[in-house]
Amino acid sequence: GENVEQHPSTLSVQEGDSAVIKCTYSDSASNYFPWYKQELGKGPQLIIDIRSNVGEKKDQRIAVTLNKTAKHFSLHITETQPEDSAVYFCAAWNSGYALNFGKGTSLLVTP
Amino acid sequence: NAGVTQTPKFQVLKTGQSMTLQCAQDMNHEYMSWYRQDPGMGLRLIHYSVGAGITDQGEVPNGYNVSRSTTEDFPLRLLSAAPSQTSVYFCASSSSDKGHGYTFGSGTRLTVV
């Protein structure tokens, strides 16, 4: 089945800096890659996603890049703010009709 | 539009007890899944369904049963609770278009003593 690896597990940046989280996947048939943000005590919330026929997608301060050949995708957050502090999960849609998640990255943005 | 509703929010069980975690969605989504979240382990898939009457096992199905008699509801049953099932459980749903990510419920925090 699909295996999704996510790095780093923790990331601390200063307010205004950029943050990058990287994921790799194993199933070459995966064609949909969402990113989720989870705040304390809440369920994960979709923040951005990308399909396999697109190399990059942006939404204001966040962007996702995809390299299908290397089977990796990344989340980029620019001009980080304290409210960006949360746990971020990458995921890949596997051929079995469900999402497989990475283990998460705990992002801390310090003022 | 309520989205995905999970009940209860918190539950304490004794070892060996059984219970059902409820999940309902009002978005007419075909795909529904149950995940458990443990510290350092991310979200692990327990069971999923691609439509009413169709279910399949995920990564960690042992000790859990599911059924999908309607499009809206996808209950998760713990047959005989064990301390290893102490976790936060999330239900999620998605449209059949794989271009849409899952919408998650707010979770059920289960403690088995």
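See the structure above.
Residues numbered from 1 in each chain as written. Chains lettered and ligands numbered in written order. Predicted model: local features only at pLDDT ≥ 70, side-chain atom pairs only at ≥ 80, totals over all residues. Heavy atoms only, no water.

1. A short note on the overall build of chain A
Phase 1 of the analysis: A tally of regular secondary structure across chain A gives zero helices and eleven strands.
Phase 2 of the analysis: When its helices and strands are written in sequence order, chain A yields β-β-β-β-β-β-β-β-β-β-β.
Phase 3 of the analysis: Here the C-alpha radius of gyration of chain A, 13 Å, is about what a compact globule of 111 residues would show, namely 13 Å.
Phase 4 of the analysis: Each principal axis of the C-alpha distribution contributes one length, and for chain A these read about 40 × 30 × 20 Å.
Phase 5 of the analysis: Considering chain A as a whole, with its 111 residues, one finds that 45% of them fall into the buried category.
Phase 6 of the analysis: Restricting the contact set of chain A to residue pairs at least 6 apart, pairs at least 24 apart contribute 52%.
Phase 7 of the analysis: Entry remark: accessible area of chain A is about 5500 Å², with carbon and sulfur atoms responsible for 46%.
Phase 8 of the analysis: Here chain A holds 10 positive side-chain charges and 12 negative ones, and the gap between their average locations is 6 Å. (Helix = DSSP H or I, 4+ residues; strand = E, 2+ residues; numbered from the N terminus. Rg over C-alpha atoms; globule rule 2.2 N^0.38 Å. Buried < 20%, exposed > 50% of the residue type's maximum accessible area, 1.4 Å probe, protein only. Contact = heavy atoms within 4.5 Å. Areas by Shrake-Rupley, 256 points an atom, 1.4 Å probe, with all protein chains shown as cover. Lys, Arg positive; Asp, Glu negative; His and termini not counted. Charge placed at Lys NZ, Arg CZ, Asp CG, Glu CD.)

2. A short note on the packing of aromatic side chains
Two aromatic rings are characterised by how far apart their centres lie and by the angle between their planes.
Phase 1 of the analysis: Throughout the structure, instances matching the rule amount to 16 aromatic pairs over all chains.
Phase 2 of the analysis: A centroid spacing of 5.8 Å and a plane angle of 55 degrees characterise the contact between Trp93 of chain A and Tyr102 of chain B, whose relative ring orientation is tilted. With Trp93 of chain A in strand β9 (residues 86-93) and Tyr102 of chain B in the loop between β9 (87-94) and β10 (103-104), the pair connects residues from two separate chains.
Phase 3 of the analysis: A relative accessible area of 1% places Trp93 of chain A in the buried class.
Phase 4 of the analysis: Relative accessible area serves as the criterion here: at 2%, Tyr102 of chain B is assigned to the buried category.
Phase 5 of the analysis: In textbook terms, an aromatic cluster arises when at least three aromatic residues are bridged by ring pairs, as seen for Tyr36, Phe89, Trp93 and Phe101 of chain A together with Tyr31, Tyr35, Phe90, Tyr102 and Phe104 of chain B.
Phase 6 of the analysis: Against the face of Phe74 of chain B rests Arg68 of chain B, its NZ or CZ located 5.9 Å from the ring centre. (Phe/Tyr/Trp six-rings, centres within 6.5 Å; stacked < 30°, edge-to-face > 60°. Lys NZ or Arg CZ within 6 Å of the ring centre and 35° of its normal.)

3. Some points on the pattern of salt bridges
Phase 1 of the analysis: Following the criterion strictly, the structure yields six salt bridges over all chains and no others.
Phase 2 of the analysis: Linking Asp84 of chain A and Arg61 of chain A is a salt bridge whose minimum nitrogen-to-oxygen distance equals 2.9 Å. Taken together, the residues Asp84 of chain A in the loop between β8 (72-77) and β9 and Arg61 of chain A in the loop between β6 (56-59) and β7 (62-67) connect sequence positions 23 residues apart.
Phase 3 of the analysis: With a relative accessible area of 7%, Asp84 of chain A lands in the buried category.
Phase 4 of the analysis: Note that Arg44 of chain B is salt-bridged to Asp38 of chain B, the shortest N-O span being 2.8 Å.
Phase 5 of the analysis: Classification of Arg44 of chain B as buried rests on a relative accessible area of 17%.
Phase 6 of the analysis: Residues participating in the shared-partner salt-bridge network are Lys37, Glu39 and Lys42 of chain A. (Salt bridge = Lys/Arg side-chain N within 4 Å of Asp/Glu carboxyl O.)

4. Examining the sheet that holds strand β1 (residues 4-7) of chain B
All names here are of chain B.
Phase 1 of the analysis: As summarised here, the arrangement of the four strands in space is β1-β3-β8-β7, forming an open sheet in which the pairing is antiparallel. Two strands close off the open sheet at either side, each with one partner strand: β1 and β7 (64-66). Across the sheet, the mean angle from the axis of one strand to that of its neighbour is 20 degrees, orientation sign disregarded.
Phase 2 of the analysis: Two elements, strand β3 (residues 19-25) and strand β8 (residues 76-78), share three bridges in a ladder whose sense is antiparallel. Across the sheet, Met19 pairs through a bridge with Leu78, a residue of β8. (Pairing = 2+ DSSP bridges. Axes fitted to C-alpha atoms, helices over the stretch in contact; angles between N-to-C directions.)

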